[in-house]
Amino acid sequence: MSKKSPRKGMQRLPAEKLYAQELKLLSKNDQLPRPDNWNLSPRAVVDYIMGTTMKDGTVISPKYIGNRRLIEIAVATLTTDRALLLTGVPGTAKTWVSEHLAAAISGTSRLLVQGTAGTHEDKLLYGWNYPVLLSKGPIREALVPSPVMRGMEEGRIVRIEEMTRMPFEIQDSLITILSERSLPIPELNEECSALNGFNIIATANDRDKGIHEMSGALQRRFNIVVLPLPESVDEELNIVLERLSPDLLIQLNKKIGKNSIEEIRKVVTIFKELRDGQTIDKKSSLKKVNSTISTAEIIAVVNNGLAMCTHFGDGTLKTEHLASSLEGAIVKNRETDEAPWREYIELVIKKRKDWGAYFEYLSR
Ligand SMILES: Nc1ncnc2c1ncn2[C@@H]1O[C@H](COP(=O)(O)OP(=O)(O)O)[C@@H](O)[C@H]1O
Ligand SMILES: [Mg+2]
């Protein structure tokens, strides 16, 4: 008899698995026309991303918190013959949104190419299985399709992460695919034509600008949607609370008390002020921290704080739990970030009412 493995739990499920219930429910209730090979209508895709309440009262959780219109533009683009480029500073949910869009539209977010300086053409077009190629010659069986080619054949969305980290000439191999919607395979004397439903969602960081900017010819094949940083502390606080680790929340009985929320609000305020280079009331200007300090980092700080208070505290999130990872998240580069951070502690944190515990902890 085989024993059941005692080791459990996948660390991270893809969106289409994690939110399978929501996607099923949306599909069942979706009366609107769906583009060829789309699992949902464009409107239902936007509802999935932005969250909604179904007729029977079931809540579809919001994935992206922000401007609905941006997501509508993104989804509308994917129904056309233009591809979608999501840009913005790091941590503005580009990767997150692209994963959910692909999951909702095509049922898989796994047709993915990660762009790096070393990304080779075979990741965008096709490669060869050399043992088969050598023994049988250039036949279809020897060809290894890239995620892009598979997306074309299956009529699905393909994701390309960090597009502008790939060298120009590699990026440009997408031009024919995007304009002709077909991929010539001269070795086999055939071509792969894209089915309806195929499209590309690329992401690129603003910070990478100038590294390998996209060629004009390639840019013209994309609609660009810029994902902005959250406008206010409240908006950013909302995002952070929505994205806290469900596992830790379950251990804490799913409760984040009012006081803890106020603690988290302080962290969000600190990040926003250091990012903007001024206090929220706009009365003092501050030195800006040079490293990117995004919502994603705040989420990490708070999750870390939750882990501390769950395992080593009494289950209440306190200043000390959050403050312990704050400095590491803000000061990534000692040379450029240390001075603004020290100045902030002295000029802002020290003087604020109710922030005494932070000052005490941080000035130690
Ligand atoms: N507006 C937002 N709505 C929902 N989640 C957000 C938002 N902004 C940031 N996040 C969260 O921040 C994390 C990092 O986002 P990510 O997609 O990796 O950023 P990017 O690819 O833009 O650098 C994600 O887990 C995401 O949930
Ligand atoms: Mg990303």
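Residues numbered from 1 in each chain as written. Chains lettered and ligands numbered in written order. Predicted model: local features only at pLDDT ≥ 70, side-chain atom pairs only at ≥ 80, totals over all residues. Heavy atoms only, no water.

## Overview of the nonpolar core
No. 1: Ile270, Phe271, Leu326, Ile330, Trp341, Tyr344 and Ile349 are the most contacted members of the largest nonpolar core, which has 38 residues in total.
No. 2: Of all the elements in the fold, those that place two or more residues in this core are α11 (233-242), α12 (246-251), α13 (258-276), α14 (295-312), α15 (319-330), α16 (334-349) and α17 (356-362).
No. 3: In this view, Ile349 contacts Ile270, Trp341, Tyr344, Trp355, Tyr358, Phe359 and Leu362; residues no more than four positions away in its chain are not counted.
No. 4: Leu85, Tyr126, Val148 and Cys192 belong to the second largest nonpolar core, which has 35 residues in total. (Core = buried A, V, L, I, M, F, W, Y, C linked by side-chain atoms within 4.5 Å. Buried < 20%, exposed > 50% of the residue type's maximum accessible area, 1.4 Å probe, protein only. Helix = DSSP H or I, 4+ residues; strand = E, 2+ residues; numbered from the N terminus. Contact = heavy atoms within 4.5 Å.)

## A short note on the domain arrangement of the protein chain
No. 1: What the domain assignment lists for the protein chain is domain 1 (15-226) and domain 2 (233-362).
No. 2: With seven residues of domain 1 at the interface, the matching set in domain 2 holds eleven residues.
No. 3: Considering only the side of domain 1, the residues that lose the most area to domain 2 are Ile65, Gly91 and Arg207, jointly responsible for 60% of the buried surface there.
No. 4: Counting the contacts that link domain 1 with domain 2 gives zero residue pairs in polar contact (both at pLDDT 80 or more).
No. 5: Class assignment of the residues belonging to the side of domain 1 that touches domain 2 gives a composition of four nonpolar, two polar and one charged. (Domains from an automatic or database assignment. Buried area = accessible area lost by both parts, 1.4 Å probe. Polar contact = N/O pair within 3.5 Å; in protein donor to acceptor, adjacent residues only side chain to side chain. Nonpolar A, V, L, I, M, F, W, Y, C, P; charged D, E, K, R; others polar.)

## Concerning the site of ligand 1
No. 1: The environment of ligand 1 is made up of 15 residues, and the closest members are Ile65, Gly91, Lys94, Thr95 and Arg243.
No. 2: Here a nitrogen atom of ligand 1 sits 2.8 Å away from a polar atom, N or O, in the main chain of Ile65.
No. 3: Between Gly91 and ligand 1, the recorded distance is 2.7 Å, taken from a backbone N or O atom to an oxygen atom.
No. 4: Here ligand 1 loses 84% of its free accessible area of 560 Å² to cover by the protein chains.
No. 5: The class makeup of the residues in the shell around ligand 1 is eight nonpolar, four polar and three charged.
No. 6: Residue-level mapping places the shell around ligand 1 at the junction of two domains, with at least three residues from each of domain 1 (15-226) and domain 2 (233-362). (Near = heavy atom within 4 Å. Areas by Shrake-Rupley, 256 points an atom, 1.4 Å probe, with all protein chains shown as cover.)

## Let's talk about unusual backbone geometry
No. 1: Within the chain, Asn189 stands out as a residue other than glycine whose phi angle is a positive 55 degrees.
No. 2: With respect to the helices and strands, Asn189 occurs in the loop between β8 (182-185) and β9 (190-193).
No. 3: Looking at Asn189, the relative accessible area reads 73%, which means it is exposed.
No. 4: Positioned with a positive phi, Lys282 is a non-glycine residue whose angle comes to about 60 degrees.
No. 5: Within the element layout of this structure, Lys282 appears in the loop between α13 and α14.

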